[in-house]
Amino acid sequence: MLDLGRLRLLRELHHRGTVAAVADALSYSPSTVSRQLGELQREAGVVLFERSGRRLRLTGAAHALVRHAEILLAQMERAEAEMVAVTGEVAGTVRVSAFQTALINIVSPALALLADRHPALRTEVEWAEPERAVEALVTRATDLALCDEYDLRGVGVGGGVEGDRARAGGPPRGLSFEELHDERVRLVLPAGHPLADRPAVAVADLAGEPWAAGPSGTGHERMVTQVCGLLGGYAPDIRHRSTDLLVLLALVAAGQAVTLLPDLADAGRDPRVAVRDVEDGLLRRRVLTVIRADGLGWTSLTAVRDALREVGEARRRG
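Each value, and the rule that gives it
Residues numbered from 1 in each chain as written. Predicted model: local features only at pLDDT ≥ 70, side-chain atom pairs only at ≥ 80, totals over all residues. Heavy atoms only, no water. Helix = DSSP H or I, 4+ residues; strand = E, 2+ residues; numbered from the N terminus. Contact = heavy atoms within 4.5 Å. Axes fitted to C-alpha atoms, helices over the stretch in contact; angles between N-to-C directions. Parallel < 35°, antiparallel > 145°, perpendicular 65-115°, else oblique. Left-handed = near helix turned anticlockwise from the far one by under 90°. Nonpolar A, V, L, I, M, F, W, Y, C, P; charged D, E, K, R; others polar. Pairing = 2+ DSSP bridges. Buried < 20%, exposed > 50% of the residue type's maximum accessible area, 1.4 Å probe, protein only. Arc of directions from axis to C-beta. Expected span 1.5 Å × (residues − 1). Salt bridge = Lys/Arg side-chain N within 4 Å of Asp/Glu carboxyl O.

1. Section: the side chain of S300
Mapping S300 onto the fold places it in helix α10 (residues 299-317). Once you skip the residues sitting within four places of it in the chain, S300 turns out to touch V90, A91, V94 and L121.

What follows is the structure, encoded as structure tokens:
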């Protein structure tokens with residue numbers, strides 16, 4: 001009989017491409033992963049892998065087994081959820097992947113609510129950028145992801161994780177998106193900047209300034225580039241890049257850049273910066289919870305989503 005844990009490794013290899021990537025994702029050593037995959041091949045009695053240089057390539061038989069592994073692993077998750085549901089208690093383990101500002105301002109307060117309301121529920125949290133969090137959902141490495149989408153309709157364009165996937169042919173199949181929080185995106189300048197005394201600043205007036213933004217290809221970097229191009233008519237001089245919005249804030253506070261940050265970054269708490277509205281456009285960011293569609297009926301996931309929504313709504317009212 002095939003071992004379910006080894007089937008999970010096979011599925012991970014299919015999604016991640018290399019033994020090293022599987023080992024890194026699951027906190028195993030590469031030798032352990034290779035050994036377990038070898039055991040799976042012996043259990044199956046057919047050739048599942050072929051060497052292609054230093055990589056393992058899945059055979060046709062392996063691809064067929066991956067399809068069945070997806071079904072079996074999903075069924076096991078449903079069985080575990082149903083056993084918990086029968087007891088009438090919210091219990092089990094829910095893994096949450098979220099980006100930093102959401103972890104600080106939404107997920108952490110929600111964990112306190114969950115600990116009080118559902119002491120039998122174990123919630124595990126991991127920091128992950130939106131693209132990686134959604135990928136982890138697809139590979140079943142996490143159960144609930146928080147992602148963001150910059151809404152630039154105020155300047156004539158949209159962007160973000162969900163927006164990018166929609167332009168590529170729609171959101172990933174089998175995932176359920178739900179809006180959790182909606183917030184403004186504002187310009188952040190050093191407190192001593194010549195334009196800091198204005199209540200709103202035109203993006204065009206920041207041409208030639210050094211900018212801080214996300215790494216190339218991220219939603220934040222695209223947002224900064226698009227806003228500067230559409231509202232200012234220039235390509236921003238992005239000198240500093242980080243996925244951590246608090247690092248971008250620190251660079252602005254040190255007088256080394258200007259940037260655009262959503263309200264969850266709480267930039268206004270730092271007296272070294274000036275937070276100003278964009279004079280010529282309304283910029284917003286949506287924060288979304290994402291789960292696999294086959295988990296919509298899980299009481300544990302519903303409880304976590306409800307707590308996150310409650311904190312998000314309180315944040316919006318505040």
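2. Some remarks on the side chain of E221
Here E221 is to be found in helix α8 (residues 219-232). Among residues more than four places away in sequence, those in contact with E221 are A213, G214, P215, S216, I238 and R241.

3. Brief notes about the packing of helix α5 (residues 100-117) against α10
Where α5 contacts α10, the two axes come as close as 8 Å, and the packing angle between them is 125°. Regarding the angle of α5 to α10, the classification is oblique. Seen along the crossing, α5 lies across α10 with a hand that is right-handed. Residues N105, I106, V107, P109, A110, L113, L114 and R117 of α5 lie in contact with α10, whose contacting residues are A303, V304, A307, L308, E310, V311 and R315. Along the lines of polarity and charge, the residues of the contact of α5 with α10 split into 11 nonpolar, 1 polar and 3 charged.

4. Some words on the pairing of strand β11 (residues 273-278)
In the sheet, strand β6 (residues 175-190) pairs with β11 via 4 bridges, with the strands oriented antiparallel. Bridge pairing in β11 links L189 to A274. Here 2 bridges tie strand β7 (residues 200-201) to β11, and the two strands are oriented parallel to one another. In the strand pairing of β11, A200 is matched with D277.

5. Topic: helix α6 (residues 130-138)
Looking only at α6, the buried set comprises P130, A133, V134, A136 and L137. Looking straight down α6, one finds that the buried residues subtend no more than 155° of arc, so they occupy a single side. Phi for R140, located one or two positions after α6, is positive at around 65°.

6. Description of α8
When the terminal C-alpha atoms of α8 are compared, their 19 Å separation across 14 residues agrees well with the 20 Å that a helix rising 1.5 Å per residue should span. Here α8 has its buried residues at G219, H220, E221, M223, V224, V227, C228 and L231. Backbone geometry just downstream of α8 places G233 in the positive-phi region, at approximately 75°.

7. Here's the deal with the environment of A120
You can see A120 is positioned in the loop between α5 and β4 (121-127). Of the residues examined, A120 reaches a relative accessible area of 36% and is grouped as partly exposed. Separated by 30 residues in the primary sequence, A120 and V90 have C-alpha atoms spaced 6.7 Å apart. Filtering out sequence-adjacent residues up to four positions away, A120 remains in contact with E89, V90, A91 and G92.

8. Looking at the pattern of salt bridges
In the structure shown here, the tally under the stated rule is 27 salt bridges. As a salt-bridge pair, E183 and R285 come within 2.8 Å of each other at their nearest N and O atoms. A residue pair is termed long-range when its members are at least 10 positions apart, and E183 in strand β6 and R285 in strand β12 (residues 284-292) qualify at 102 residues. You'll find E183 and R285 in the same group, each marked buried. Between R272 and D270 there is a salt bridge, and its shortest N-O distance comes to 2.9 Å.

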